[in-house]
Amino acid sequence: MNATKTNRMILILSSLFLFSCNSFLEENPRDQLPEKEIYTNANAMYLNTVATLYNYIGGYENSQGLQGTNRGVYDLNTFTTDEAILPTRGGDWYDGGFWQGLFLHQWGTKSSEIRATWEYIYKVIVLSNKSLETLDEYKDKLTAIQLSAWQAEVRAFRAMYYFYLMDLFGRVPLVLSSSTPMSEVRQSDRGEVFRFIVDELMAAAPHLPLERSNHQGEYYGRVTRPVAWFLLAKLALNAEVYTHDQWTTTSRPDGKTIYFRIDGEQYNAWETTIAYCDSLAAMGYRLSDNYISNFAVFNEFSVENIFTIPMDKHFYRHQMQNLFRSRHYNHAKAYGLGGENGSSATIEVLDTYGYGTDSVDTRFTICYFADEVHDLKGNKILLDNGEVLVYHPREVKLDLSGSPFEKTAGARMKKYEIDPKATKDGKLSDNDIVLFRYADVLLMKSEAKVRNGMNGDAELNAVRERVGEPWREATLPRILDERQMELAWEGWRRNDLVRFGLYTRAYHSRPQLPDEANGYTTVFPIPEDIIRLNTNLKQNPGY
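Not measured: the values here are computed from a predicted model. (Residues numbered from 1 in each chain as written. Predicted model: local features only at pLDDT ≥ 70, side-chain atom pairs only at ≥ 80, totals over all residues. Heavy atoms only, no water.)

Caption draft 1: A look at the overall build of the protein. A count of helical and extended segments in the protein gives 20 helices and 12 strands. Taken along its principal axes, the extent of the C-alpha atoms in the protein is 70 × 50 × 50 Å. Within the span of the protein, comprising 543 residues, buried residues form 62% of the whole. Surface exposure of the protein reaches about 20500 Å², of which carbon and sulfur atoms provide 50%. Averaging the positions of the 59 positive and the 71 negative side-chain charges in the protein gives two centres separated by 2 Å. (Helix = DSSP H or I, 4+ residues; strand = E, 2+ residues; numbered from the N terminus. Buried < 20%, exposed > 50% of the residue type's maximum accessible area, 1.4 Å probe, protein only. Areas by Shrake-Rupley, 256 points an atom, 1.4 Å probe, with all protein chains shown as cover. Lys, Arg positive; Asp, Glu negative; His and termini not counted. Charge placed at Lys NZ, Arg CZ, Asp CG, Glu CD.)

Structure below.
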């Protein structure tokens, strides 16, 4: 394919999904050389069809990447929940009402950020489709083993992106070609997309390497078999949600009557989750002895992390903005870094951890800055007026403008170890961003066992024992609380609340919207511009 044809293909795709043609061209390294110079041998084939896709997991612009940047997948899964709030602080953080709208579930159908998230995910899906087509076109340059392995890796990678797309938007088009004509694009029910993702991961998994993705080396940052197993466990755990095509009008299916086949055996949804969790345990994943080590500056040696976004301030452009936008300006300055004095814990988080009581969970001080804070040498951090900087966690609310605590309300994000050598105000650091880890696997297994009428105490209390917390009986409400404490700031809260039927409830600073009890906000709207472009698409119910 010559450069002109390549550019024409990109223009077609841009009109289909409202991509930005300029940014798409800039971000696609395969379009920099004529194809005959790219696909000359097997190594070049891998680099330009498979390896290049991993450039998109992290990001450096808004709405790009699965985590680390603003206004994208992570923010839609975090700031729409009872886990995190980005208060308006006088002239800061109003941003046209965007952050308040996220928290209040008042995002509407014209949000440019929601549209950009849709476009980002589909961009990566279409690039994956193109990679599969290229592998097939040039398969004569590959051995049969190379071809099956690389096709499996791209299929699993694409399935992961469809997982995020389906989780966020519900009913979406299954686009499996890089040049699908507009007339052939149709919207699939959520259950159909769910089954496609499951089938793709199950088919790909046996051909994926049985290697750790989070460790440096040949498989670092790649979708390996354990990554596929984790996604399959997560999909099965949420099967009641994902097979519920009429989510605003009918009752959910029962996980005990949703079936999967693994190695010729039939399992219900909960048994399937347990089976894949057991596969991860059998591979040797376990809880790290030290919780904090999973988020250390150099966390590539974690025995617990399963899938991460590799970070290296010298070699990767991926950014981690979560810490940067949370810390008070003077707090960040004390580390020699930057800060935007924004995101904070909610009142619900404080209550779950027992903040302010004699039995506060030990993970609170690991995950959050609260009260008086200090620099890396233990010195008190001062405000510009000479007073000691003190965060006031319980003073947080959606609009702090004019409050005495306008700049200091809210417990702030901690969790990741400070990299004092970070660059770009701290947004480029060496802490790999954790997407999947084994503590989540144990909590998924505990929950699946309880939902299946079994005892999930062992798994729940393994997680609690690691951080020195006392034994608790595994009940669904306690498991949900544990997930909030253990997985704080890791991007799973929306997924959890939807599964537990609690996403649309009212909580501190957030009243329930009219008609929201029917669950319509559990998925985001299909962006209005996308529907105008393709009239085959229908809006999600309630919008």
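Caption draft 2: How the structure looks around the side chain of aspartate 75. Mapped onto the fold, aspartate 75 is located in helix H5 (residues 73–78). Aspartate 75 gets classed as buried once you look at its relative accessible area, which sits at 0%.

Caption draft 3: Quick peek at helix H12 (residues 269–282). Compared with an ideal rise of 1.5 Å per residue, which puts 14 residues at 20 Å, H12 spans 20 Å between its outermost C-alpha atoms and is within 8% of the ideal. Of the residues making up H12, those classed as buried are Ala269, Trp270, Thr272, Thr273, Ile274, Tyr276, Cys277 and Leu280. Positive backbone phi, approximately 110°, marks glycine 284, located one or two places after H12. (Expected span 1.5 Å × (residues − 1).)

Caption draft 4: Quick peek at the nonpolar core. Ile57, Met160, Tyr161, Ile197, Tyr368 and Phe436 are the most contacted members of the largest nonpolar core, which totals 146 residues. Ranked by residue count, the leading element in this core is helix H8 (residues 144–169), at 16 residues. Membership of the second largest hydrophobic core comes to nine residues, among which are Leu389, Tyr391, Ile418 and Ala422. (Core = buried A, V, L, I, M, F, W, Y, C linked by side-chain atoms within 4.5 Å.)

Caption draft 5: Spotlight on the pairing of strand S4 (residues 259–262). The alternating pattern of S4 places Phe260 and Ile262 on a buried face and Tyr259 and Arg261 on a face that is not buried. Sheet topology places S4 next to strand S5 (residues 265–268); four bridges connect them, and they run antiparallel. By the bridge assignment for S5, phenylalanine 260 is matched with tyrosine 267. Counting the residues between successive antiparallel strands, the hairpin from S4 to S5 contains two residues, one of them, aspartate 263, with a positive phi of roughly 50°. (Pairing = 2+ DSSP bridges.)

Caption draft 6: The packing of aromatic side chains, seen in detail. What the rule picks out here adds up to 31 aromatic pairs. Where phenylalanine 436 meets tryptophan 492, the ring centres are 6.2 Å apart and the plane angle is 35°; that geometry is what we call tilted. Taken together, the positions of phenylalanine 436 in strand S12 (residues 433–437) and tryptophan 492 in the loop between helix H18 (476–486) and helix H19 (493–499) put the pair 56 residues apart, joining distant regions of the chain. When its relative accessible area of 0% is taken as the criterion, phenylalanine 436 is described as buried. Grouped by ring-pair contacts, the aromatic residues Phe163, Tyr164, Phe194, Phe230, Tyr242, Phe260, Phe307, Phe436 and Trp492 constitute a single cluster. (Phe/Tyr/Trp six-rings, centres within 6.5 Å; stacked < 30°, edge-to-face > 60°.)

Caption draft 7: How the structure looks around the packing of helix H16 (residues 438–451) against helix H17 (residues 457–466). One can describe the packing of H16 onto H17 by two numbers: an axis separation of 7 Å at closest approach and a directional angle of 145°. Seen from H16, the contacting residues are Ala439, Leu442, Leu443, Lys445, Ser446 and Lys449; seen from H17, they are Glu459, Leu460, Ala462, Val463 and Arg466. Its residues assigned to classes, the contact of H16 with H17 comprises six nonpolar, one polar and four charged. (Axes fitted to C-alpha atoms, helices over the stretch in contact; angles between N-to-C directions. Contact = heavy atoms within 4.5 Å. Nonpolar A, V, L, I, M, F, W, Y, C, P; charged D, E, K, R; others polar.)

Caption draft 8: Structural context of the pattern of salt bridges. A complete count under the given rule lists 44 salt bridges for this structure. Measuring nitrogen to oxygen at the nearest pair gives 2.7 Å for the salt bridge that ties arginine 437 to glutamate 304. Of this pair, arginine 437 sits in strand S12 while glutamate 304 sits in the loop between H12 and strand S6 (305–309), and the two are 133 residues apart along the sequence. A single burial state applies to arginine 437 and to glutamate 304, both of which are buried. The closest approach of N and O atoms between glutamate 447 and arginine 499, which form a salt bridge, is 2.7 Å. With glutamate 447 in helix H16 and arginine 499 in helix H19, this pair connects stretches of sequence that are 52 residues apart. A residue is classified by how much of its surface remains accessible, and arginine 499, at 3% relative accessible area, is buried. It is possible to trace a salt-bridge network through shared partners that takes in Glu304, Asp361, Arg363, Lys415, Arg437, Arg464, Arg466, Glu469, Glu482, Glu486 and Glu490. (Salt bridge = Lys/Arg side-chain N within 4 Å of Asp/Glu carboxyl O.)

Caption draft 9: Here's a closer look at the environment of proline 87. Along the chain, proline 87 turns up in the loop between strand S1 (84–85) and helix H6 (98–104). Remark: the alpha-carbon pair of proline 87 and aspartate 361, spanning 274 residues in sequence, is separated by 25 Å. Residues contacting proline 87, with those up to four places away along its chain left out, are Asp92, Trp93, Gly342, Ser344, Val396, Lys397, Leu398 and Leu400.

Caption draft 10: Summary view of unusual backbone geometry. Its identity is not glycine, yet arginine 71 carries a phi of approximately 65°, on the positive side. Of note, arginine 71 is situated in the loop between helix H4 (42–49) and H5. Taking relative accessible area as the criterion, arginine 71 reaches 17% and is therefore assigned buried. Of note in the backbone geometry, tryptophan 489 takes a positive phi value of approximately 65° without being a glycine.

Caption draft 11: Quick look at helix H10 (residues 225–237). Under the 1.5 Å per step criterion, the end-to-end length of H10 is 18 Å for 13 residues, consistent within 8% with the ideal 18 Å. Counted residue by residue, H10 has 12 buried out of 13 residues, so it is predominantly covered. Taken as a whole, H10 has its buried residues at Pro226, Val227, Ala228, Trp229, Phe230, Leu231, Leu232, Ala233, Lys234, Leu235, Ala236 and Leu237.

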